[in-house]
Amino acid sequence: MAVRDEGWDTIAANGSVSWFIHGFRATESVVFSIVVFPGTGAGVPFPVGHATLTQGESFQHVDGTKAYKIYIKNNAAFNSCNVHILSQVESL
């Protein structure tokens, strides 16, 4: 089992982002997870790190590689959050 750090993003309060992550082999199964850290917010003395990850679509390119689209929503109403996106890759 290999884990890859796909990158990170900062999401505004109540905001959301989507990522298109590619370069996986056709025989690999991929599961994504996030590590959430509270960001900042004007007048917020104790910011919250609270986000939801949804693993969305799966694509297979003509060259046989795979890609995935994931969605992340910041559930904190008054502050931003920082998320690190991780992928766990298993081969058949």
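Here the residue index of a chain counts from 1 through its sequence in written order. In view of the model being predicted, local features appear only for residues whose pLDDT reaches at least 70, and side-chain atom pairs are presented and counted only at 80 or more, with totals across whole chains, interfaces and linings using the full set of residues. Heavy atoms from the whole structure form the basis of all side-chain values; hydrogens and water molecules are not counted.

What follows covers the packing of aromatic side chains. Centres within 6.5 Å are what make two rings of Phe, Tyr or Trp a pair, Trp counting through its six-membered ring; a difference in plane orientation under 30 degrees is then read as stacked, over 60 as edge-to-face, and the rest as tilted. A complete count under the given rule lists four aromatic pairs for this structure. A connected cluster of aromatic rings, assembled from ring pairs, spans Phe24, Phe32 and Tyr68.

This next bit is on the nonpolar core. Ile21, Phe24, Phe32, Ile70, Ile72 and Ile85 are the most contacted members of the largest nonpolar core, which totals 14 residues. Only β2 (16-24), β3 (28-38), β5 (66-74) and β6 (81-91) provide two or more residues apiece to this core. Secondary structure elements follow DSSP: runs of H or I of four or more residues count as helices, runs of E of two or more count as strands, with numbering from the N terminus. Looking at which element gives the most residues to this core, the answer is β6, with four residues. Setting aside anything within four residues of it in sequence, one finds Ile21 in contact with Glu6, Phe32, Ala67, Tyr68, Ile70 and Ile85. In these notes, a set of buried Ala, Val, Leu, Ile, Met, Phe, Trp, Tyr and Cys residues joined through side-chain atoms within 4.5 Å is what counts as a nonpolar core. Partly exposed describes any residue whose relative accessible area lies between the buried limit of under 20% and the exposed limit of over 50%, with all areas from a 1.4 Å probe on protein chains only and scaled to the type maximum. Whether two residues touch is decided by their heavy atoms; if any such pair falls within 4.5 Å, the residues are in contact.

We now examine the environment of Glu6. Here Glu6 lies in strand β1 (residues 2-11). The spacing of Glu6 and Ser58 is 52 residues in sequence and 16 Å in space, taken between C-alpha atoms. Polar side-chain contacts of Glu6 include one of 3.2 Å to the side chain of Arg4. We define a polar contact as two N or O atoms separated by no more than 3.5 Å, with the added condition that, inside protein, one atom must be a possible hydrogen donor and the other a possible acceptor, whereas residues neighbouring each other in sequence contribute only through side-chain atom pairs.

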